[in-house]
Each structure stands twice: as structure tokens, then as C-alpha cells.
Amino acid sequence: RIFGGNIMKIALCHLELSCGPQERNLQLLEQAVRLAAEQGADWVLTPEAAVQGYYFYYVNKNAVVAPQPSPELEPLRKLCCEYGITLFLGCGEYDAACDKNFNSCLVFGPDGELIGRHRKLFGGKVGAEAWADKGDAVTVLPCSGLQTGVLVCADLWFPEFYEGTKAQGAEIIVDMAAWPPTQVCGNPLPAWINASKVTDVTVIVCNQTGSPQWMDMNVGQSVVIDQGELKLAYSGEPAVLLFDYDADAKCVQSLAYDVHYIK
């Protein structure tokens, strides 16, 4: 649904999901996605590893990563159908063909079917991501008529990845994140701004919040950057953040997020 021929509404689910468990996360995601859809969202973005929780492996090293889309995702897929939305879902997945786990973004279309997936290119086999292998390709998917570059968290740090999406025709870039500014990992915002400047497209980062023992995500920002200019930023309480995007002019319309807090 593109109102007036060109204005899309995009929602970021800035939630506390990092420690799971999956059942709770799916309930929160369903609540947030429905809220976003009821506010007219065309696209709904979630954080990195939103389904299982970024630290699920720290919480339970015996956790099994399922092939995706699994039956547990059916309520979210039904919401895509019910409201005609495109859902960018951060999710761990197992691929039996190569016997590997991946830290992925699954993209479901307005019919609830999988448009495609991006598997995180950076990291894997270390720390909280010791369960995951690296993907091997940048991803550009057709979403609502826009060629959309899809990345996961630190992928957006590396020019070869975001420039790779641009080389494949990306008109906009979305990134699922679990990345607050830290002494260990640094402040990602300058890198995100540079990615938008270099590619000359809008970059959208859906981050997460909360205070797990391993990293303070309360200072993590969900941001929207136009051609290298920071337009929108939010950190703090769990919320659904909505904004308007001109799909013809390829630029952000809103001057501030429309914030809906999640209890």
C-alpha cells in the first residue's frame, strides 16, 4: 500500500528481546507487528536475532536452531497476510543442505510467503554468535517495488558489503542490529552514516534495547539516515517507531518518529 502513489510507512520494532526465551519474543513480536500494522505500516523491521534472542546461546548452549520458516512463525506470517505488510525478521536458522546455522534476516511479503533471506556475512563462530556460520553473499530483494539491500548488524560496518548491495542495484538498505555504542565494539553510528553517504541511499537500522549482563543495549539507537545525513534516532524504552518514506523521491518524509511504547 503506497499512499498517494509514493509515500510508504515504515516501522521499527525497537524491543527488548536479547535474552528470550523464544516463546516470549514471538509474543512480543506479534504484539509489536500488529501495532505497527494497525498504524498503517507497509514495512515492519525487527532487530538482529529477534526470534530466539541475540544471547540465546549464552542462555542455553544446548539450544537447537530450527530450519526456517518454522511453524512457530505462522502467526507473524498471518499478520503479513492480514495487513498486507512486508516483514524483515531477525532470526537464527539451520540449513540442512550445508549442515550450518546462520544469523539471518528473513523477508516475508504481503502474502506471508518468503521473498528471500540474508545470512550475516561478518562474525560467526565467536562469542554470542558461536552458534552461527558466515553467509557468503550480499542480498538485494524486491520489496514494494524497491530494490532493497538487506544486511545484519556488523555487515553495515564493511564497505565491501554495503557497496556490494549498491552494486547490485539497492535503492535502500535495511539492517537488523544488536549494536549499542560500547568500549569494545565502538560507536557504530559514524560507520552507518558513512554507509549512507557512500551508497547515496537511505539506510535504516532497527536496533534493540534492554540491559542483559553482557552488554547495555539501552543506549542502542534505531536510526534512519538519508544520503549521509542522520534524520531520525531513538534509544530507550521498548517501542514501535514509525516514519514516512517517499518511495519515488527515495527520501525520508518525517521529521520525527511516531513513537508507540510497548508495555
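You'll find the structure just up there.
If you're wondering where the values come from, they're calculated on a predicted model, not measured in any experiment.

Chemist: Any chance you could explain a nonpolar patch on the surface here in plain terms?
Modeler: A surface patch of nonpolar side chains, amounting to about 260 Å² of accessible area, comprises Tyr58, Val59 and Trp214. Considering the arrangement of structural elements, one finds Trp214 in the loop between β9 (202-206) and β10 (222-226).

Chemist: How should I be thinking about the sheet that holds strand β7 (residues 146-152) in this particular structure?
Modeler: Sheet strands pair via backbone hydrogen bonds, and the direction of the pair is either parallel or antiparallel. In spatial order, the strands read β6-β7-β8-β9-β10-β11; together these six strands make up an open sheet with mixed pairing. Of all strands in the sheet, those bounded by a partner on one side alone are β6 (139-143) and β11 (229-234). On average, each strand axis in the sheet is tilted by 20° relative to the strand beside it, whichever way the strands run. When strand β8 (residues 172-176) meets β9, the two strands line up parallel, connected through five bridges. Looking across to β9, one finds that Ile172 is bridged to Thr202. Against the sheet, helix α4 (residues 159-167) makes contact with β6, β7 and β8, and its axis sits at roughly 165° relative to β7, the strand it touches most. Along the sheet, helix α5 (residues 189-199) makes contact with β8, β9, β10 and β11, crossing β10 at roughly 30°.

Chemist: Help me understand the side chain of Ser70, please; the structure alone is not making it clear to me.
Modeler: Turning to its location among the elements, Ser70 is positioned in the loop between α2 (56-59) and α3 (74-83). A distance of 3.1 Å separates the side chain of Ser70 from the side chain of Glu72, its partner in a polar contact.

Chemist: I would appreciate a short explanation of the layout of surface pockets in the present structure.
Modeler: Its volume calculated, the largest pocket comes out at about 490 Å³. Lining the largest pocket are 24 residues, and of these Tyr54, Glu129, Ala178, Cys185 and Met215 sit closest to its centre. By residue class, the composition of the lining of the largest pocket is 16 nonpolar, five polar and three charged.

Chemist: I tried to follow the nonpolar core on my own but got confused; where do I start?
Modeler: Soluble globular proteins: nonpolar side chains tend toward being buried together. Of all hydrophobic cores here, the largest spans 47 residues; its most connected members are Trp43, Leu45, Phe88 and Phe243. Setting aside its immediate chain neighbours within four residues, Phe243 contacts Met8, Lys9, Ile10, Leu12, Ile204, Val224, Leu232, Val252, Ser254 and Tyr257. Among the nonpolar cores identified, the runner-up in size contains 30 residues, and Ala32, Ala36, Leu76 and Ile262 belong to it.

Chemist: Before we go on, may I ask you to explain unusual backbone geometry in this structure?
Modeler: When glycine is set aside, most residues are seen to have a negative phi, and most peptide bonds are trans. Omega for the bond connecting Gly20 with Pro21 falls within 30 degrees of zero, at -5°, which places this linkage in the cis form. Locating Pro21 in the fold gives a position in the loop between β1 (7-14) and α1 (22-38). Note that the residue after Gln68, namely Pro69, is joined by a cis bond; omega there is 0°. Residue placement: Pro69 occurs in the loop between α2 and α3. Its identity is not glycine, yet Cys153 carries a phi of approximately 45°, on the positive side.

Chemist: Can you help me understand the pattern of salt bridges in this one?
Modeler: In the structure shown here, the tally under the stated rule is 11 salt bridges. The residue Asp244 makes a salt bridge to Lys9 at a minimum N-O spacing of 2.9 Å. Taken together, the residues Asp244 in strand β12 (residues 239-246) and Lys9 in strand β1 connect sequence positions 235 residues apart. Between Arg117 and Glu93 there is a salt bridge, with its nearest N and O atoms 3.0 Å apart. Of this pair, Arg117 sits in strand β5 (residues 114-119) while Glu93 sits in strand β3 (residues 86-95), and the two are 24 residues apart along the sequence. Among the residues examined, Glu93 registers a relative accessible area of 1% and is labelled buried. Among the charged side chains, a salt-bridge network with shared partners connects Glu93, Asp95, Arg117 and Arg119.

Chemist: Explain α4 to me, please; I cannot follow it from the model alone.
Modeler: Side chains of residues three or four places apart in an α-helix project in the same direction, reflecting 3.6 residues per turn. Within α4, the full set of buried residues consists of Phe161, Tyr162, Gly164 and Thr165. Across the axial projection of α4, the buried residues extend over an arc of 150°, all falling on one side. Facing away from the buried side of α4 by over 90 degrees, the exposed positions are Glu160 and Ala167. Looking at the packing, one finds that the buried side of α4 touches β6, β7, β8 and α5.

Chemist: Looking at this structure, how should I read the environment of Gln253?
Modeler: The topology assignment puts Gln253 in the loop between β13 (251-252) and β14 (258-261). Between the C-alpha atoms of Gln253 and Lys231, which are 22 residues apart in sequence, the distance is 9.5 Å. Gln253 has contacts with Ile7, Asp244, Tyr245 and Asp246, leaving out every residue within four places of it along the chain.

Reading the values: rules and limits
- Residues numbered from 1 in each chain as written.
- Predicted model: local features only at pLDDT ≥ 70, side-chain atom pairs only at ≥ 80, totals over all residues.
- Heavy atoms only, no water.
- Patch = residues over 30% accessible without salt bridge, like charges linked within 9 Å, V, L, I, M, F, W, Y side chains within 5 Å.
- Areas by Shrake-Rupley, 256 points an atom, 1.4 Å probe, with all protein chains shown as cover.
- Salt bridge = Lys/Arg side-chain N within 4 Å of Asp/Glu carboxyl O.
- Helix = DSSP H or I, 4+ residues; strand = E, 2+ residues; numbered from the N terminus.
- Pairing = 2+ DSSP bridges.
- Axes fitted to C-alpha atoms, helices over the stretch in contact; angles between N-to-C directions.
- Contact = heavy atoms within 4.5 Å.
- Polar contact = N/O pair within 3.5 Å; in protein donor to acceptor, adjacent residues only side chain to side chain.
- 1 Å grid on protein atoms, 1.4 Å probe; cavity = no way out; pocket = protein on both sides within 12 Å on 5 of 7 lines; lining within 4 Å.
- Points joined across faces, edges and corners; volume = space filled by probe spheres on them.
- Nonpolar A, V, L, I, M, F, W, Y, C, P; charged D, E, K, R; others polar.
- Core = buried A, V, L, I, M, F, W, Y, C linked by side-chain atoms within 4.5 Å.
- Buried < 20%, exposed > 50% of the residue type's maximum accessible area, 1.4 Å probe, protein only.
- Arc of directions from axis to C-beta.

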